[in-house]
Amino acid sequence: SQKIEQNSEALNIQEGKTATLTCNYTNYSPAYLQWYRQDPGRGPVFLLLIRENEKEKRKERLKVTFDTTLKQSLFHITASQPADSATYLCAPATMDTGRRALTFGSGTRLQVQP
Amino acid sequence: GAVVSQHPSWVICKSGTSVKIECRSLDFQATTMFWYRQFPKQSLMLMATSNEGSKATYEQGVEKDKFLINHASLTLSTLTVTSAHPEDSSFYICSARGQTNYGYTFGSGTRLTVV
């Protein structure tokens, strides 16, 4: 069955450092992969999408890589700030017309210490 | 950008009563909306897919008679938790596909507490 794995242990880092979060998937052939941020008591917020033919995608301090051979995506936050503290969810997805729901990994909680 | 408005943000109800949660797409039309449930320290679990003008599709293990979904218009889907019990206490979130970049837009969620 399809499986999405994210490190369930919280990631604690110092402000200014780079945070790296991992998303591994099995029994999937996603056409693209999305990353979301979720704050406590709030719905997820879309951050980035990377397609299968893209190795890397950047948006401001965020960088996502997508290795379809390793079946893995890495999510980096450079120059991290306490405001980056949240849970980050990955969601591999196949091509669709918006009629298919996303399936999420369990999420990794990031805590950035000042 | 695409905005999904979800109300109420929190509700407390007595066991045995029903609660309705609304999800509206404010600046786009959503023919399909999705309802998720999230328990503490867990990820979002899809409950059902709401299709405008037709019946909702429920995930395995989700009771369709308990979680009534209505998608009467292109901008509104509602989830009614009928005869709520304490085990239904959870965080309910709706979602719709935005118009750009394949990103999905989520409502802010509804914290339901059944006492």
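Our subject is the structure that appears above.
Read on for an overview of the structure.

Procedures and definitions
- Residues numbered from 1 in each chain as written.
- Chains lettered and ligands numbered in written order.
- Predicted model: local features only at pLDDT ≥ 70, side-chain atom pairs only at ≥ 80, totals over all residues.
- Heavy atoms only, no water.
- Pairing = 2+ DSSP bridges.
- Helix = DSSP H or I, 4+ residues; strand = E, 2+ residues; numbered from the N terminus.
- Axes fitted to C-alpha atoms, helices over the stretch in contact; angles between N-to-C directions.
- Core = buried A, V, L, I, M, F, W, Y, C linked by side-chain atoms within 4.5 Å.
- Buried < 20%, exposed > 50% of the residue type's maximum accessible area, 1.4 Å probe, protein only.
- Disulfide = S-S within 2.5 Å.

**Quick word on the sheet that holds strand β9 (residues 86-93) of chain A**
All names here are of chain A.
Piece 1. Pairing is mixed across the open sheet formed by five strands, whose spatial order is β2-β10-β9-β4-β5. Across the chains shown, the open sheet's two edge strands, defined by having one partner strand only, are β2 (11-14) and β5 (45-51). This sheet shows a mean twist of 25° between the axes of neighbouring strands, independent of strand direction.
Piece 2. Strand direction decides the pairing type here: strand β4 (residues 32-38) and β9, joined by seven bridges, are antiparallel. Opposite Tyr32, over in β9, you have Ala93 as the bridge partner.

**Concerning the nonpolar core**
Piece 1. One finds Trp35, Phe67, Leu79, Tyr92 and Leu112 of chain B to be the most contacted residues of the largest nonpolar core, which totals 24 residues.
Piece 2. Of all the secondary structure elements, the ones that give two or more residues to this core are β2 (10-13), β3 (19-25), β4 (32-38), β5 (45-51), β7 (67-73), β8 (76-81), β9 (90-97) and β11 (110-114) of chain B.
Piece 3. Judged by nonpolar contacts, the second largest core, of 22 residues, contains Ala19, Trp35, Tyr88 and Leu110 of chain A.

**Topic: the state of the cysteines**
Piece 1. Scanning the entire structure with this criterion turns up two disulfides over all chains.
Piece 2. A sulfur-sulfur separation of 2.0 Å characterises the disulfide bridge that pairs Cys23 of chain A with Cys90 of chain A. Judged by the sign of its S-S torsion, about 65°, the bond between Cys23 of chain A and Cys90 of chain A is right-handed. Of this pair, Cys23 of chain A sits in strand β3 (residues 19-26) while Cys90 of chain A sits in strand β9, and the two are 67 residues apart along the sequence. Each member of the pair Cys23 of chain A and Cys90 of chain A is classed as buried.
Piece 3. Each sulfur of the disulfide joining Cys23 of chain B and Cys94 of chain B lies 2.0 Å from the other. One disulfide, between Cys23 of chain B and Cys94 of chain B, carries an S-S torsion of 80° and so falls in the right-handed class. Here the residue Cys23 of chain B occupies a position in strand β3, and Cys94 of chain B occupies one in strand β9, the gap between them amounting to 71 residues.
Piece 4. Free cysteine: Cys13 of chain B, not disulfide-bonded; nearest cysteine sulfur from Cys94 of chain B at 18 Å.
Piece 5. On the basis of relative accessibility, which here comes to 8%, the residue Cys13 of chain B falls in the buried class.

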